[in-house]
There are 2 protein chains.
Amino acid sequence: MKQDRRITRTRAQLKESLWNLILKKGYDAITISDITDHANLGRTTFYLHYKDKDDLLTKSIDETANELVQRLDTFQPGIGKLKPATELIFEHAAENAEFYRILLQGHGVQTTTGRVQEIINHHITRGFELALAQLGGKEILSLPLPLLIQFLSTSLLGIVIWWLENEMPFSPEEMTKQYYQLLMNGIGGILRPVLRKEADY
Amino acid sequence: MKQDRRITRTRAQLKESLWNLILKKGYDAITISDITDHANLGRTTFYLHYKDKDDLLTKSIDETANELVQRLDTFQPGIGKLKPATELIFEHAAENAEFYRILLQGHGVQTTTGRVQEIINHHITRGFELALAQLGGKEILSLPLPLLIQFLSTSLLGIVIWWLENEMPFSPEEMTKQYYQLLMNGIGGILRPVLRKEADY
DNA sequence: AATAATATGAACATTGTGTCAGATAATATA
DNA sequence: TATATTATCTGACACAATGTTCATATTATT
């Protein structure tokens with residue numbers, strides 16, 4: 001007793017319409033009618049499959065997300081696998097670029113992280129550009145400046161979020177010190193003893 | 001000719017009510033009536049000041065965000081100021097912890113970044129825990145493991161987003177290499193020549 | 001105290017939501 | 001192929017929230 005074809009077809013159409021419409025109008029502006037119209041289905045049909053718009057979204061996300069999980073699980077876990085796993089994530093992002101673009105940037109007035117990040121980005125960028133100008137150009141950098149800035153600001157913001165979510169277990173000075181340590185010297189110093197022991201590296 | 005007191009009072013109350021309600025029900029579930037009821041104001045009054053809910057939110061955000069900008073601007077820009085600026089951000093986050101908590105985590109079904117990040121976090125954590133167990137415990141780490149993981153995953157995700165937003169200028173292998181380089185050795189190697197030149201470091 | 005600005009409450013049209021019943025169409029299975 | 005099952009469609013419904021308007025009341029400002 002297999003699943004009725006109509007079901008799979010309908011759900012695929014709904015999902016597809018959602019993606020399309022997100023690109024066109026943005027998630028928040030989409031109504032159920034928009035989705036069913038675009039999919040050429042009755043509005044009530046939607047409710048036969050999903051509770052509401054969010055339900056459709058999260059289920060669609062999880063489909064793609066599970067793909068990533070499965071691929072990551074093909075590795076035996078281990079620190080030595082950090083690098084291949086990283087590459088796998090970039091590959092998955094490339095294959096599902098549209099999906100990632102839509103979703104990683106968030107929807108709605110999720111401008112918030114964005115706003116704070118912009119501020120930090122802008123500030124750091126200015127500092128770097130001034131310093132580099134004095135040194136005679138950006139050529140001394142081995143990688144694009146924006147990439148470096150992004151690395152700085154997202155990791156900083158990530159640490160700040162962690163810190164807030166965990167009831168701020170350290171003082172701002174201590175946090176700054178730890179972050180700065182990670183940033184300037186990397187995690188090589190921390191990881192090396194671990195890596196030496198791992199056979200499969 | 002200064003601003004009527006009622007205006008400032010009303011706006012402050014609306015903003016205050018919004019924060020409170022976000023904590024209680026989450027942004028998406030809030031209605032205009034919720035806000036005005038909580039603030040003891042007529043519903044029509046809301047529209048005298050703001051276009052809609054998003055308008056109130058973004059304006060409220062910008063108020064706090066501008067504070068941060070102003071403080072950052074008290075520094076002369078420069079790479080040497082990276083560390084004090086970082087500390088300033090942590091301090092600002094501590095002072096406005098509620099604001100940051102609410103907003104940095106986003107609202108609504110912004111689960112998306114969260115979902116992908118969870119996956120990555122989980123995978124990395126498992127790898128580390130296995131490796132550390134073999135080495136006889138987490139004591140060899142000079143900082144909390146979750147903090148380290150957060151640094152890894154947010155910077156990775158940040159780089160992925162940058163990459164996607166910039167039309168994927170490099171191959172996944174190249175990206176992995178650059179990211180890995182940053183991660184393992186930090187930016188000290190890149191920055192040191194710059195820092196040596198800076199007088200005020 | 002007079003005046004100008006702001007807040008209020010009631011009413012209204014509009015849009016979207018979620019549900020339901022009955023009719024129709026597509027599909028699975030024997 | 002015939003039949004039972006299951007999905008979809010249509011139209012209607014009650015409900016909740018939005019955003020505007022207008023006449024009236026309240027409150028700052030000078």
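Cut-off values and rules
Per-chain numbering applies: the sequence of each chain, read as written, is numbered from 1 onward. Key to labels: chains lettered from A, ligands numbered from 1, both in the order written. The model is predicted, so local features are restricted to residues of pLDDT at least 70 and side-chain atom pairs to those at 80 or more, both for listing and for counting; the totals for chains, interfaces and linings are taken over all residues. Here a strand is any run of E in DSSP of at least two residues, a helix any run of H or I of at least four, and the numbering for each starts at the N terminus. Buried, partly exposed and exposed are defined by the number of other C-beta atoms within 10 Å of a residue's own C-beta, namely 20 or more, between the two limits, and 12 or fewer respectively, with C-beta atoms placed from the backbone. We call two residues in contact if the C-beta atoms placed from their backbones are at most 7 Å apart. Being near a molecule or strand means, for a residue, that its C-beta atom, positioned from the backbone, comes within 6 Å of it. Only residues with pLDDT of at least 70 in both copies count here: their C-alpha atoms drive the least-squares fit that superposes the copies. Residue polarity is assigned by list, with Asp, Glu, Lys and Arg as charged and Ala, Val, Leu, Ile, Met, Phe, Trp, Tyr, Cys and Pro as nonpolar; anything else, Gly included, falls into the polar class. Lines fitted to the C-alpha atoms define the axes, with helices restricted to the stretch that makes contact. Angles between their N-to-C directions range from 0 to 180 degrees. Two helices cross in a left-handed way if the nearer one is turned anticlockwise from the farther one by less than a right angle. They cross in a right-handed way if the turn is clockwise. Between 65 and 115 degrees an angle is taken as roughly perpendicular, under 35 as roughly parallel, over 145 as roughly antiparallel, and anywhere else as oblique. A set of buried residues qualifies as a nonpolar core if it consists of Ala, Val, Leu, Ile, Met, Phe, Trp, Tyr and Cys joined through C-beta atoms within 7 Å. To estimate the expected span of a helix, count its residues, drop one, and scale the result by 1.5 Å. In this description, one arc is meant: the one made by directions from the helix axis to the C-beta atoms.

(A) Summary view of the overall build of chain A. Across its full length, chain A holds 10 helices and zero strands. Taken from the N to the C terminus, the helices and strands of chain A come in the order α-α-α-α-α-α-α-α-α-α. Counting across all 201 residues of chain A, residues that qualify as buried make up 31%. Residue pairs in contact within chain A that sit at least 24 positions apart in sequence constitute 56% of those at least 6 positions apart.

(B) Just the protein's contact with DNA strand D, in detail. DNA strand D sits among 20 residues. The nearest are Arg6, Thr10, Gly42 and Thr45 of chain A together with Ile32 of chain B. Counting only elements with at least two residues in the surface near DNA strand D, the list comes to helix H1 (5–25) and helix H3 (43–49) of chain A together with helix H1 (5–25), helix H2 (32–39) and helix H3 (43–49) of chain B.

(C) Broad picture of the relation of the copies chain A and chain B. Rotating chain A by 180° about the axis while translating it 0.0 Å along that axis superimposes it on chain B, leaving an RMSD of 0.1 Å. Taken together, these values place the two copies in the relation of a two-fold axis. Considering only C-alpha atoms, the residue of chain A closest to the rotation axis is Gly186 of chain A, which sits at 1.9 Å. A shared interface surface links the copies, since 100% of the contact residues of chain A are contact residues in chain B too.

(D) Region of the structure containing the interface of chain A and chain B. Contacts between the two partners involve 85 residues from chain A, matched on the other side by 86 residues from chain B. Elements that contribute at least two residues to the side of chain A that touches chain B include exactly helix H4 (53–72), helix H5 (82–95), helix H6 (97–104), helix H7 (111–134), helix H8 (145–165), helix H9 (172–185) and helix H10 (188–197) of chain A. Classifying every residue of the side of chain A that touches chain B gives 52 nonpolar, 22 polar and 11 charged.

(E) Main features of the environment of Asn185 of chain A. Position of Asn185 of chain A among the secondary structure elements: in helix H9. Residues Asn185 of chain A and Lys51 of chain A, spaced 134 residues apart in sequence, show a C-alpha to C-alpha distance of 49 Å. Residue contacts for Asn185 of chain A: discarding those within four places in its chain leaves Gly186 and Gly188 of chain B.

(F) Broad picture of the packing of H8 of chain A against helix H5 (residues 82–95) of chain B. For the pair H8 of chain A and H5 of chain B, the least separation of the axes is 11 Å and the interaxial angle reads 35°. Classified by chirality, the crossing of H5 of chain B by H8 of chain A is right-handed. For the pair formed by H8 of chain A and H5 of chain B, the contact residues are Leu156, Val160 and Leu164 of chain A on the first element and Thr86, Ile89, Phe90 and Ala93 of chain B on the second. By residue class, the composition of the contact of H8 of chain A with H5 of chain B is six nonpolar, one polar and no charged.

(G) Examining the protein's contact with DNA strand C more closely. DNA strand C sits among 21 residues. The nearest are Ile32 of chain A together with Arg6, Thr10, Gly42 and Thr45 of chain B. Of the residues contributing to the surface near DNA strand C, the split by class is six nonpolar, seven polar and eight charged.

(H) Geometry of the packing of H1 of chain B against helix H4 (residues 53–72) of chain B. Residue and element names in this part refer to chain B. Direction vectors running N to C along H1 and H4 enclose 95°, while the axes themselves pass 10 Å from each other. In terms of their interaxial angle, H1 and H4 are classed as roughly perpendicular. Counting all contacts with H1, which are made through Leu14, Lys15 and Leu18, the residues of H4 involved are Leu56, Leu57 and Ser60. By residue class, the composition of the contact of H1 with H4 is four nonpolar, one polar and one charged.

(I) Geometry of the nonpolar core. Of all hydrophobic cores here, the largest spans 63 residues; its most connected members are Leu156, Ile159 and Val160 of chain A together with Leu156, Ile159 and Val160 of chain B. Non-local contacts of Leu156 of chain B, meaning those with residues more than four positions away in its chain, are made with Thr86 and Ile89 of chain A together with Ile120 and Tyr179 of chain B.

(J) Broad picture of unusual backbone geometry. Residues and elements named next belong to chain A. Of note in the backbone geometry, Asn40 takes a positive phi value of approximately 55° without being a glycine. Among the secondary structure elements, Asn40 is positioned in the loop between helix H2 (32–39) and H3. Unusually for a residue other than glycine, Met168 sits at a positive phi of about 45°. Here Met168 lies in the loop between H8 and H9. The partly exposed category is assigned to Met168, around which 15 C-beta atoms lie within 10 Å.

(K) Highlighting the environment of Tyr179 of chain B. With respect to the secondary-structure elements, Tyr179 of chain B resides in helix H9 (residues 172–185). Separated by 24 residues in the primary sequence, Tyr179 of chain B and Ser155 of chain B place their C-alpha atoms 8.7 Å from one another. Among residues more than four places away in sequence, those in contact with Tyr179 of chain B are Thr86 of chain A together with Leu156 and Ile159 of chain B.

(L) Geometry of H9 of chain B. Residues and elements named next belong to chain B. With 14 residues, H9 extends 20 Å from end C-alpha to end C-alpha; this agrees with the ideal 20 Å at 1.5 Å per step. Every buried residue belonging to H9 is among Met175, Thr176, Tyr179, Leu182 and Leu183, and all of these are buried. Relative to the axis of H9, the buried residues are bounded by an arc of 135° and lie together on one face. Projecting away from the buried face of H9 at angles above 90 degrees are the exposed residues Glu173 and Glu174. Immediately beyond the C-terminal end of H9, within one or two residues, lies Gly186, with a positive phi of roughly 75°.

(M) Fine view of helix H8 (residues 145–165) of chain B. An ideal rise of 1.5 Å per residue puts 30 Å on 21 residues; H8 of chain B measures up with 30 Å between its terminal C-alpha atoms. With 16 of 21 residues buried, H8 of chain B lies mostly within the body of the structure.

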